[in-house]
Amino acid sequence: MTDTERRFLQKRHRAERRFRVYGVAAISVALAMLATILISLIAMGHSAFRQAEIELLVRFDADVIYADGERTPQALYGADYQKLARNALREVFPEVSKRRDKKKLYKLLSPGAGFELRDLVLADPGLVGQTRRLALLVSDDTDLYVKGQVDITLAEGERQLDDAQIGWIDELVKKGRVELRFNSRFFTGGDSREPEMAGILGAVKGSFYTLLVCFLLAFPIGVLSSIYLEAFAPRNR
């Protein structure tokens, strides 16, 4: 090997070592930034992993489910299941009789409670006419209060829940009917206008397909580019 070839080889080895150092540094910075983002997300959103639910004695009243008197699959699907949830909640507070107070009481429940009851009945139509003790989803405001994220020192008009609603929630907690449970909907649900029903499944799928497309495009281009630069490209800038 001539001196010229030896110097060229040493120069090339030094360039390769620098390239490896640059690559490791870039990957390290990227991992550090990713770790920072993940830690920040978990620190700010860890409460989303738990969801408050109310245990109620739900009566699957046939008169409500088959309100039109037609016992058809269409009637079963389109029934007012939210009314069943509201009736179950009102039985806990029979003293709430005024229309305005009932509306405030019903706001403790999530609209998703009716969807959960519908899914149960569609899966097992034999539930019609039965009574079951079930844990139903609460509204976002109720969930935040149970988690201690509502400032009750604010004036009544400045917070999401008024004094009556807070009193009802406290009564439910005292009776052991409210419990924070693992929020599986956070991982299985999609986008929703109701925060308590929203999940990350749609975002995860979108991210996966985006990465897949990027990989399918970048991998062959990267391999072919490296082969060209190594074997065919002229030695210039």
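Quick note: structure is the one above.
Residues numbered from 1 in each chain as written. Predicted model: local features only at pLDDT ≥ 70, side-chain atom pairs only at ≥ 80, totals over all residues. Heavy atoms only, no water.

## Here we look at the environment of V96
1) Next: Mapped onto the elements of the fold, V96 is located in the loop between α4 (81–92) and α5 (99–106).
2) Next: By relative accessible area, V96 is classed as buried at 7%.
3) Next: Aside from chain neighbours lying at most four places away, what touches V96 is R90, D101, K102, L105 and W168. (Helix = DSSP H or I, 4+ residues; strand = E, 2+ residues; numbered from the N terminus. Buried < 20%, exposed > 50% of the residue type's maximum accessible area, 1.4 Å probe, protein only. Contact = heavy atoms within 4.5 Å.)

## Structural notes on the packing of aromatic side chains
1) Next: Enumeration according to the criterion identifies seven aromatic pairs in this entry.
2) Next: Between the aromatic rings of F49 and F186, the centroid separation amounts to 5.4 Å while the plane-to-plane angle is 75°, which identifies the pairing as edge-to-face. One end of the pair, F49, is in the loop between α1 (3–45) and β1 (50–59); the other, F186, is in helix α9 (residues 185–188), and 137 residues separate them in sequence.
3) Next: F49 sits in the partly exposed class, given a relative accessible area of 28%.
4) Next: Considering the side-chain rings of F182 and F187, the 5.9 Å spacing of their centres and the 20° angle between planes classify their relative orientation as stacked.
5) Next: Residue F182 is classed as exposed on the basis of its relative accessible area of 59%.
6) Next: Taken together, the aromatic side chains of F49, F182, F186 and F187 make up a single cluster linked through ring pairs.
7) Next: Over the ring of Y106 we find R86, and its NZ or CZ is 5.4 Å from the ring centre. (Phe/Tyr/Trp six-rings, centres within 6.5 Å; stacked < 30°, edge-to-face > 60°. Lys NZ or Arg CZ within 6 Å of the ring centre and 35° of its normal.)

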